[in-house]
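Chain and residue survey
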Amino acid sequence: MSRTTLDLWVGFFVSMGIVSMIFLALRVGNLGGSNLGESYQLKARFDNIGSLKVRSAVKSAGVVVGRVSAIDFDVETYEAEVTLTISDRYLFPTDTFAKIMTSGLLGEQYIGLAVGGDEKMLKRGDVISKTQSAIVIEDLISQFMFKKASEGDVQ
Amino acid sequence: MSKFLGNFFRSIGHQVDDGIWRLGYACRFLLTLLIYSGISFRRFRLTAKEVYFTGVLSLIVIMVSGLFVGMVLGLQGYNTLQRYGSSDSLGVLVALSLVRELGPVMAGLLFASRAGSAVTAEIGLMKATEQLSAMEMMAVNPIARVVAPRFWGGVIAMPILAALFSATGVFGGYLVGVQLVGVDEGAFWSQMQSSVDFREDILNGVIKSVVFGILVSWISVFEGYDAEPTAEGVSNATTRTVVTASLVILFADFILTALMF
């Protein structure tokens, strides 16, 4: 079997396809950017996680330091147990405060870590004890309505 | 009046009946094709030749249309997004619409009209000039020797063409968005990367393009093999390939989108 120019063209075509797949994967998608390198896990319990999803960002001071790797429901305490995977480069004090926040008014939800002042650092598998649940807009509105209604009763 | 109605319903019934017959025949044809497709991998040169004809020769049309579709998306998206002050997410809009929908669908439509029609005409003409019967006389199975390599060539070429379409489209959106109308380059790429997921968006797009490749190649080889062996029959079969393939692509796209996202 001899090589022909046809083989050259087919090889060229297939390699262009591979190059564009790599371009789509690394430059357009987040295959390259999503790995955090070496990482460790922390847990946090919330009364209500809102619309937090697996792979949501974990941010501290606005910088992405990790991702949510699992969300479970604890049948004993009836709370949501969220597992955070944090990059090894970042260590947080034991009194760090985990809040579920929303980017923008209607944006995606993420976990914000507000750093405390303790000298001891959180280790692999530790549980963040201070948490604040997601703000549910419906609850806010109903609180507001009830408040308005009770004010009306007094007058 | 009753005679007219009778004829009317009879013709509808005939068409439905005929359609079901053809569908069954097409399925049996696909099965036979798959059974006899060993040769198209053992003698890969046969398939490579078809990849050349369906894929390499479609490169220019795919890349130029991808570039222009991306540029149009960039312009239209910018005009709408800047009204809400969010022109920074232009990259997300361009990349998601290309990778999820336009890449596979547009590449599939172009592929059906550029390569599918050619395959149908080729096989139909081979049938009309009795080349297929001559092969059978020489104990060469025409399905294994002629039809299967064309089918697999199309199935291989289609995902590559769709990926190229998406990639050139994103580049076209970049040209218009960043170079022409001045969206910030960092925001364009970083927002795109944070919103486009490899598994959710890109792999699903690839799956779509593989499915379209199978459908288009199947329809075009079947229409060619099933064509009436006359000049008119071949031309009808070519038209039917383009029409059926385009409709099937759009229908399958709806089904796949409903399943995936």
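These figures come from a predicted structure and were not determined experimentally.

Let's talk about the overall build of chain B
A count of helical and extended segments in chain B gives 10 helices and 0 strands. Sequence-ordered secondary structure for chain B, helices as α and strands as β, is α-α-α-α-α-α-α-α-α-α. Along the longest, intermediate and shortest principal axes, the C-alpha atoms of chain B span 65 × 60 × 30 Å. Restricting to contacts in chain B with at least 6 residues of sequence separation, those with at least 24 account for 87%.

Some points on the domain arrangement of chain A
The domains assigned to chain A are domain 1 (1–33) and domain 2 (39–137). One C-alpha centre belongs to domain 1 of chain A, the other to domain 2 of chain A, and the line joining them spans 40 Å.

A closer look at the sheet that holds strand β3 (residues 63–74) of chain A
Residue and element names in this part refer to chain A. The strand order β7-β1-β4-β3-β2-β6-β5-β8 describes an open sheet built from 8 strands, whose pairing is mixed. In this open sheet, the two edge strands, each paired with only one partner strand, are β7 (127–128) and β8 (130–132). The pairing of strand β1 (residues 39–46) with β7 spans 2 bridges and is classified as parallel. When the sheet's bridge partners are listed, Ala44 is paired in β7 with Ile128.

Here we look at unusual backbone geometry
The backbone of A:Ala61 sits at a positive phi, close to 55°, despite the residue not being glycine. Positionally, A:Ala61 belongs in the loop between β2 (57–60) and β3. Phi at B:Ala139 is positive, roughly 65°, even though this residue is not glycine. Structurally, B:Ala139 is set in the loop between α6 (131–137) and α7 (142–180).

Quick notes on the rules
Residues numbered from 1 in each chain as written. Chains lettered and ligands numbered in written order. Predicted model: local features only at pLDDT ≥ 70, side-chain atom pairs only at ≥ 80, totals over all residues. Helix = DSSP H or I, 4+ residues; strand = E, 2+ residues; numbered from the N terminus. Contact = placed C-beta atoms within 7 Å. Domains from an automatic or database assignment. Pairing = 2+ DSSP bridges.

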